[in-house]
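Each chain, written out:
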Amino acid sequence: MIDILLFAVFWLIATLLGEWGVHAMEARGLYYSAATSQALDGEKAMAFILTVLVPVIAFIVVMLIYTALRFRSRRSLQFRDNKMFIGIWVLLSIALNILFFVHPSASALEQMFNNEEARLNRHDLIVNVTARQWEWIFSYPQYGIQTAEDSNGNSTLYLPVNQNVRFVLRSYDPYHTYDPNGAVIHDFWIPAFGLKQDIIPGETRLEYVHTNKITSYDVDPMVRVQCAEVCGPGHPFMEAPVHVVSSSDFLKWVQAQRKLEAS
Ligand SMILES: [Cu+2]
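A short tour of the structure in this document, coming up. (Residues numbered from 1 in each chain as written. Predicted model: local features only at pLDDT ≥ 70, side-chain atom pairs only at ≥ 80, totals over all residues. Heavy atoms only, no water.)

## Points about the coordination of the copper ion
Link 1 in the chain: The coordination sphere of the copper ion contains the protein donors His186 (ND1), Cys227 (SG) and Cys231 (SG), at a distance range of 2.0 to 2.2 Å.
Link 2 in the chain: Each donor residue of the copper ion belongs to the same chain, and together they define the spacing H-x40-C-x3-C. With histidine 186 in strand S5 (residues 186-190) and cysteine 231 in the loop between strand S9 (224-227) and strand S10 (239-245), this residue pair connects regions lying 45 residues apart in the sequence. (Donors = N, O, S within 2.8 Å, 3.2 Å for Na, K, Ca; no water. Helix = DSSP H or I, 4+ residues; strand = E, 2+ residues; numbered from the N terminus.)

Right, here's the structure in full:
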């Protein structure tokens, strides 16, 4: 009896410490500071799973340490034949898995699809993304920008804040000397956007985000486009900085890009 009480006390302490740690991490952004509403949904889902799992992990770790120290002798208590303990353990594991499948996985996906349908309209910013070995090409058909580049000629992605953005993703190589269609699979990944999508040659894929924070690669390395599918020797360098700016700064950038392309 005293063992169960002691174990309960240790389990409670470990759980409280773990929950405190999860919430401290969550307050600082779990892995990245989310820059789109989709990334925020993902972060919330991750925080929910961690919150539920902390007592389970604490139970296992405390149980391992406690039993190893307390029941070292040969005349130890054995749980091996305790059918009720095994039954409860297996049933709880199945229940937890079903819970996570329904919430947050399926519920968050449904919410994302609903948000997307509700928000999509003809005022969305369209960005055509072309992946080639080994470079990203961003064009803005609504603004007549063919290739968004900085003054050094490197691809950059500029987006206004609080804006619905539709990415049209293609793998194609307009600069290829003999076969523009001889493309390979790439993967469009912006960590801070909670967005990752394979780009298959011959296919056009769409992705949608709603930007909700002014940020850029200059302050956070997670705010960048990174190829996430090994696509040849240049793969690790296939990245481009992202800038989420105010709408007036975005229009200024559009003007500057047009001048750059006209020159
Ligand atoms: Cu690639």
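## Remarks on the nonpolar core
Link 1 in the chain: Formed by 36 residues in total, the largest nonpolar core has its most connected members in Val127, Trp136, Phe138, Tyr140, Leu157, Phe167 and Phe188.
Link 2 in the chain: If near-sequence neighbours (up to four positions away) are discounted, valine 127 is found in contact with Phe138, Ser139, Tyr140, Leu157, Leu159, Val165, Arg166, Phe167 and Val168.
Link 3 in the chain: Core analysis: the second largest hydrophobic core is formed by five residues, Phe7, Phe59, Met63 and Tyr66 among them. (Core = buried A, V, L, I, M, F, W, Y, C linked by side-chain atoms within 4.5 Å. Buried < 20%, exposed > 50% of the residue type's maximum accessible area, 1.4 Å probe, protein only. Contact = heavy atoms within 4.5 Å.)

## Notes on the packing of helix H2 (residues 37-70) against helix H3 (residues 83-119)
Link 1 in the chain: Direction vectors running N to C along H2 and H3 enclose 170°, while the axes themselves pass 10 Å from each other. If you check the angle between H2 and H3, you find them roughly antiparallel. Contacts between H2 and H3 involve Ser37, Gln38, Asp41, Gly42, Ala45, Phe48, Ile49, Val52, Leu53, Val56, Phe59 and Ile60 from the first element and Trp89, Leu96, Phe100, His103, Pro104, Gln111, Met112, Asn115 and Arg119 from the second.
Link 2 in the chain: Residues of the contact of H2 with H3, tallied by class, amount to 13 nonpolar, six polar and two charged. (Axes fitted to C-alpha atoms, helices over the stretch in contact; angles between N-to-C directions. Parallel < 35°, antiparallel > 145°, perpendicular 65-115°, else oblique. Nonpolar A, V, L, I, M, F, W, Y, C, P; charged D, E, K, R; others polar.)

## Remarks on the side chain of serine 37
Link 1 in the chain: Along the chain, the position of serine 37 falls in helix H2.
Link 2 in the chain: Relative accessible area serves as the criterion here: at 14%, serine 37 is assigned to the buried category.
Link 3 in the chain: Within the structure, serine 37 has its side chain in polar contact with the side chain of glutamine 38 (distance 3.3 Å).
Link 4 in the chain: Apart from residues lying up to four places away in sequence, serine 37 is in contact with Arg119, His210 and Asn212. (Polar contact = N/O pair within 3.5 Å; in protein donor to acceptor, adjacent residues only side chain to side chain.)

## Some points on the side chain of threonine 211
Link 1 in the chain: Mapped onto the elements of the fold, threonine 211 is located in the loop between strand S7 (205-210) and strand S8 (215-216).
Link 2 in the chain: Ignoring sequence-local partners within four residues, the contact set of threonine 211 consists of Ala35, Thr36, Leu159, Pro160, Val161, Asn162, Gln163, Val165, Phe193 and Val244.

## Regarding the packing of aromatic side chains
Link 1 in the chain: Tallied over the entire structure, the rule returns 14 aromatic pairs.
Link 2 in the chain: Their ring planes at 50° and their centres at 6.1 Å tell us that phenylalanine 10 and tyrosine 66 sit as a pair that is tilted. On the criterion of sequence distance, the pair formed by phenylalanine 10 in helix H1 (residues 2-27) and tyrosine 66 in helix H2 is long-range, its members being 56 residues apart.
Link 3 in the chain: In this structure phenylalanine 10 comes out as partly exposed when scored by relative accessible area, which is 38%. (Phe/Tyr/Trp six-rings, centres within 6.5 Å; stacked < 30°, edge-to-face > 60°.)

## Let's talk about unusual backbone geometry
Most peptide bonds take the trans form, and the phi angle of most residues other than glycine is negative.
Link 1 in the chain: With an omega of 15°, the peptide bond between histidine 103 and proline 104 qualifies as cis.
Link 2 in the chain: When you line up the elements, proline 104 lands in helix H3.
Link 3 in the chain: A cis amide bond, omega 0°, links glutamine 133 with the succeeding residue tryptophan 134.
Link 4 in the chain: At asparagine 162, a residue that is not glycine, the phi angle is positive and equals roughly 55°.
Link 5 in the chain: Topologically, asparagine 162 is positioned in the loop between strand S3 (157-160) and strand S4 (164-171).
Link 6 in the chain: On the basis of relative accessibility, which here comes to 53%, the residue asparagine 162 falls in the exposed class.

## Observations concerning H3
Each α-helix winds once per 3.6 residues, and so residues spaced three or four apart point in a common direction.
Link 1 in the chain: Taking 1.5 Å of rise per residue, the 37 residues of H3 would be expected to cover 54 Å, and the 53 Å separating its terminal C-alpha atoms lies within 8% of that figure.
Link 2 in the chain: Looking at H3, one finds that the buried residues are Phe100, Pro104 and Ala108.
Link 3 in the chain: Tucked into the core, H3 has its buried residues touching H2.
Link 4 in the chain: Here H3 starts with a cap whose side-chain oxygen sits 3.2 Å from the backbone nitrogen of methionine 84, and that cap is asparagine 82. (Expected span 1.5 Å × (residues − 1).)

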